[in-house]
Amino acid sequence: MEKWVVSAKRADFEQLANKFGIDPVIARLIRNRDQITDQEIDRYLHGKLTELHSWKLLKDMEQLLDILEEKIREQKKIRIIGDYDIDGVCSTYILLQGLKRAGAVADVDIPDRMKDGYGISFELINLAKEAGADTIITCDNGISAIEQIAYAKELGMTVLVTDHHEIPYEEQADGSIRTFLPKADAIVNPKQEDCPYPFKGICGGMVAFKVICGLYDRLGISVKETEKLLPFVAIATVGDVMDLTDENRILVREGLRRLQNPENEGLKALIRVNNLENREITAYHIGFVIGPCMNASGRLSTAKRALRLLLSEDTGEAAVLAEDLKALNDSRKDMTAKGVEQAVEQVEHTELLQDRVLVIYLPDCHESLAGIIAGRIRERYTRPVFVLTKGTEGVKGSGRSIEAYHMFQELVKCKDLLTKFGGHPMAAGLSLPEENVELFRKKLNENCTLTPEDMVEKIVIDVPMPMSYVTIPLVRQLSQLEPFGKGNTKPVFAQKKIRFADCRIFGKNRNVVKMQGKDEAGFSADCIWFGDGDAFLEKIREKEYWDVIYYPSINAFRGRESLEMVIQNIR
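This report concerns the structure included in the present document. Everything numeric here is computed off the predicted structure, so don't read it as measured data.

Quick look at the packing of aromatic side chains now. Any pair of aromatic rings gets described here by the distance separating the centres and the angle formed by the planes. Following the criterion strictly, the structure yields 10 aromatic pairs and no others. Centroid distance F122 to Y151: 5.5 Å. Interplanar angle 75 degrees. Geometry classified as edge-to-face. Taken together, the residues F122 in helix α6 (residues 122–130) and Y151 in helix α7 (residues 146–154) connect sequence positions 29 residues apart. Judged by centre distance (4.5 Å) and plane angle (20 degrees), the ring pair of W529 and F536 falls under stacked. One exposure class covers both W529 and F536, and it is buried. Here a set of aromatic residues connected by ring pairs shows up, and it is made of Y169, F408 and F421. Over the ring of Y44 we find R249, and its NZ or CZ is 3.6 Å from the ring centre. Stacked on the ring of F506, the Lys or Arg K514 has its end atom at 5.8 Å from the ring centre.

Here you go:
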């Protein structure tokens, strides 16, 4: 069940339109995204790289750079330890390229999802020591590795942590919070409570990028050279589902611009193998095409394959590696579909259907797919979801949440049942003994304060706007609001009482419907629906008039442009 609500944020839209040379509808959309002052609106529309927050504002950054400079001078071996997801791979690439450009002796290791689990492990530390590494620098992990980093320090190693995840903590008897930090030589993470960095919502790739910006600045390397790394910051930011606000928006926009014609052979090959050549690469393509291919290596094989692709300088080798990643992702899709089917079956035919927090145990499911399946089930039921699988050392799982449920905080309340956990408000990973699975499910639901209202999907309409208002210039202006994604969603338009006529189904899977949408005033617009065409036609025969949610687009055919309304929801 969906609830449609209209965003009611107010401003003088005509005045804003005149001041910034935009349509009043665009002004309203910008206000709906909480850009209020002239300075905020100008930055939203025209933000430049020069407006990024300084790397100097990150706590411990100067200390970390002092150590790096010393290690580079002394030619001490530095080992980068990343993570197996898209943010971890991109962070690793950014640090490796940046350190090598700065003259460091550096190499990398990435944990195996199945064998090592998340983040820096005792085994990875031992391997680094055996390889003669003097220093370990983490990226996209390390903030919760209290014991592991203590062990590395016992071995006499220097340890630097760069991360963006939540700081581990526990609630005291008096309600106060006690945080825990590893005893690293320097920690750069904007989530540290005394870190003055003004924007906390950056990913691991962005933190790594800031480290390299600082290092280049210290060593007199041109800031222009950091721009080569922007596509990887953009991929990491979108792939790790960060809010596309503040400096994330600027960096993703600039990164996407450079992705249209990338210098990197691996990215070129990945774009080519996914038939994206000569097409505009958007945040959507990172999130749903390029990103999943890179993530598939860490899920079903080793993330080192994705890193190897990014590091490849040979066109032929890059083509082979890109084909391999696409094949892995295709396999991942099939396995995911089967897992989703099993999860739905379990929810629908057991007492789980009554739970406000779904804990689904699929022992035979590939553990790397738990997060994707949890996300799909969350979309279906609008509830927080944990999908658990059976590993070699107990049960592992991933969770995906809804806005009203802070997943990491809820896991803290269950930590006595868990062997390991970490994450964000909207996503988390955990492991626990098999005998605790049912106890975990019960405790989560006993603690849960979600109301029925929290679990109704809300569709927020930006502008109730008749299709007759839409023009090609207005659609072109909408592109100024891109990139779209979390924190900067694609605008939502709606109109009441539309009648559909001249409906025709296209596509070999009958998944495209083209039709005319006519309003009460007699205005008619070309409309298109993507989805099960037969089911859509059957539905619209039930009533004559429908309220619709749509997005206007330009259809270019044989050099002629025309307006087309993409129908997204009807009621």
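Time to look at the pairing of strand β16 (residues 493–506). Direction of pairing for strand β15 (residues 463–464) relative to β16: parallel, over a ladder of two bridges. Among the inter-strand pairings, P464 is bridged to a residue of β16, identified as A494. Note that β16 and strand β19 (residues 546–557) share four bridges and pair antiparallel. Bridge pairing links Q495 to V548 in β19.

Judged by nonpolar contacts, the single largest core of 83 residues is most densely connected at L68, L99, F209 and M294. In terms of residue count, the dominant contributor to this core is helix α8 (residues 204–219) (nine residues). Sequence-distant contacts of L68, that is, excluding residues within four places in its chain, are made with I78, L99, I137, L160, V211 and L215. V25, I26, F493 and W546 belong to the second-largest nonpolar core, a separate cluster that totals 40 residues.

Tracing the sequence through the fold places T135 in strand β4 (residues 135–139). In contact with T135, not counting residues within four places along its chain, are K71, K77, I78, R79, T158 and L160.

So, about the layout of surface pockets. Empty space within the second largest pocket amounts to approximately 510 Å³. Every residue lining the second largest pocket is counted, 23 residues in all, and those nearest its centre are Y93, Q97, K228, E263 and N264. Secondary-structure elements contributing two or more residues to the lining of the second largest pocket are α5 (86–101), α9 (230–239), α11 (265–273) and α13 (304–311). Considering each element in turn, the lining of the second largest pocket owes the most residues, four residues, to α5. Taken together, the residues that form the lining of the second largest pocket break down as nine nonpolar, five polar and nine charged.

With respect to the helices and strands, the residue R510 is situated in the loop between β16 and β17 (512–518). Under the relative-accessibility criterion, R510 is labelled partly exposed at 39%. With 37 residues separating them along the chain, R510 and D547 place their C-alpha atoms 24 Å apart. There is a polar contact of 2.9 Å between the side chain of R510 and the side chain of D534.

What follows is about helix α10 (residues 246–259). A rise of 1.5 Å per residue sets the reference length of α10, with its 14 residues, at 20 Å; its end C-alpha atoms lie 21 Å apart and thus fit the reference within 8%. When you tally the buried positions in α10, you get 11 out of 14 residues, the bulk of the element. Among all positions in α10, only E247, N248, R249, I250, L251, V252, R253, E254, G255, L256 and L259 are buried.

It is worth spelling out the pairing of strand β3 (residues 105–109) at this point. With five bridges joining them, strand β2 (residues 77–81) and β3 adopt parallel strand pairing. Within β3, the residue paired with R79 across the bridge is D107. For the segment spanning β2, α5 and β3, crossover handedness is right-handed.

A few words now on the packing of α5 against α13. Running from N to C, α5 and α13 cross one another at 45 degrees; their axes reach a closest spacing of 10 Å. Taken together, the axis directions place α5 and α13 in an arrangement best described as oblique. By crossing handedness, the relation of α5 to α13 is classed as right-handed. Across the interface between the two elements, V89, T92, Y93, L96 and Q97 from α5 touch A306, L307, L310 and L311 from α13. Class assignment for the residues of the contact of α5 with α13 results in seven nonpolar, two polar and no charged.

Taking strand neighbours across the sheet as the criterion, the five strands line up as β9-β10-β11-β13-β12 in an open arrangement whose pairing is mixed. Because the sheet does not close on itself, it has two edges, and the strands there are β9 (358–361) and β12 (420–423). Shown here is a sheet whose adjacent strand axes are inclined to one another by a mean of 15 degrees, direction ignored. Inspection of the sheet shows β12 paired to strand β13 (residues 427–432) by four bridges, in the antiparallel sense. Across the sheet, the residue bridging to G423 is A428, located in β13.

Definitions and limits used
Residues numbered from 1 in each chain as written. Predicted model: local features only at pLDDT ≥ 70, side-chain atom pairs only at ≥ 80, totals over all residues. Heavy atoms only, no water. Phe/Tyr/Trp six-rings, centres within 6.5 Å; stacked < 30°, edge-to-face > 60°. Helix = DSSP H or I, 4+ residues; strand = E, 2+ residues; numbered from the N terminus. Buried < 20%, exposed > 50% of the residue type's maximum accessible area, 1.4 Å probe, protein only. Lys NZ or Arg CZ within 6 Å of the ring centre and 35° of its normal. Pairing = 2+ DSSP bridges. Core = buried A, V, L, I, M, F, W, Y, C linked by side-chain atoms within 4.5 Å. Contact = heavy atoms within 4.5 Å. 1 Å grid on protein atoms, 1.4 Å probe; cavity = no way out; pocket = protein on both sides within 12 Å on 5 of 7 lines; lining within 4 Å. Points joined across faces, edges and corners; volume = space filled by probe spheres on them. Nonpolar A, V, L, I, M, F, W, Y, C, P; charged D, E, K, R; others polar. Polar contact = N/O pair within 3.5 Å; in protein donor to acceptor, adjacent residues only side chain to side chain. Expected span 1.5 Å × (residues − 1). Right-handed = clockwise from strand over helix to strand, strands pointing away. Axes fitted to C-alpha atoms, helices over the stretch in contact; angles between N-to-C directions. Parallel < 35°, antiparallel > 145°, perpendicular 65-115°, else oblique. Left-handed = near helix turned anticlockwise from the far one by under 90°.

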